[in-house]
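Coordinate inspection notes
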Amino acid sequence: VRKSKYDALVIGVRDAKDLKQDVKNATFGFKKIDSIKGTSKFSREFFASCEDVGKFFVGNLGQIVNYFLPAEFLENYSEIANPKTRIKNSDSQFFAIQKSENKRIEFYKKYISEMFANNKSVHMILPTVSEVKKFAKLLGNDFENIHIFHGKEKNTLEKYNSLLAEKSPTLVISTPSFVFIPRHDLGAIILEHES
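1. Details of the environment of Met115
Relative to the helices and strands, Met115 resides in helix α5 (residues 101-117). Those residues within four positions of Met115 in sequence are excluded, and the remaining contacts are Lys120, Val122, Gly187 and Ala188.

Dropping the structure here:
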């Protein structure tokens, strides 16, 4: 870093007094923070989840955040829209569906319609770009308000900002690297092909 200045995303703060030995034995130099630009555009829950994932897979927090936040978002941080305040959902449900793909799709269509009727958005997460495209096509005839996110899309930041500005409930279909999307009215997360 030397005399250069860089933007940084602060993902944790600890008192240096409690880390004297670590600071003393560090293999890198420290630099003072020049200025604070504002609060994070990503939720505390997102970073807490990244910490949990890091512990589970024995990875450091920086690697996990780097996996879950596309480079375009970090490189163009100032252009990211501020998310709306999240509506807390206290009635969480967890269930697994072990049916054929056609039966699952029928279930998803009914479930998503229910969520939309209750003014709640749904985020469906799929493991690959081809699966995202496939499910977008399968569900596209039933739902108009679908937003698709995966690493091979162009204008991702524009689409993200458009999604945050959207007032009506939406169906977001994405790969895992877009799990951070902070829809304020999120009612359900569907993990399809989670294995």
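Read on for the rest.
2. Some remarks on the side chain of Thr170
By secondary structure assignment, the location of Thr170 is in the loop between α7 (156-165) and β3 (171-174). Leave out the neighbours within four places in its chain, and Thr170 touches Phe116, Ser121, Val122, Asn145, His147, Leu163 and Arg183.

3. A look at the packing of α5 against helix α6 (residues 129-140)
Two elements in contact, α5 and α6, have axes whose closest approach is 11 Å; the angle formed by their N-to-C orientations is 60°. The orientation of α5 with respect to α6, classified from their angle, is oblique. Note that α5 runs across α6; the crossing there is right-handed. Here Glu101, Ile105, Tyr108, Lys109 and Ile112 of α5 lie close against α6, whose contacting residues are Lys134, Phe135, Leu138 and Leu139. Tallied by class, the residues present in the contact of α5 with α6 amount to six nonpolar, no polar and three charged.

Criteria and thresholds
Residues numbered from 1 in each chain as written. Predicted model: local features only at pLDDT ≥ 70, side-chain atom pairs only at ≥ 80, totals over all residues. Heavy atoms only, no water. Helix = DSSP H or I, 4+ residues; strand = E, 2+ residues; numbered from the N terminus. Contact = heavy atoms within 4.5 Å. Axes fitted to C-alpha atoms, helices over the stretch in contact; angles between N-to-C directions. Parallel < 35°, antiparallel > 145°, perpendicular 65-115°, else oblique. Left-handed = near helix turned anticlockwise from the far one by under 90°. Nonpolar A, V, L, I, M, F, W, Y, C, P; charged D, E, K, R; others polar.

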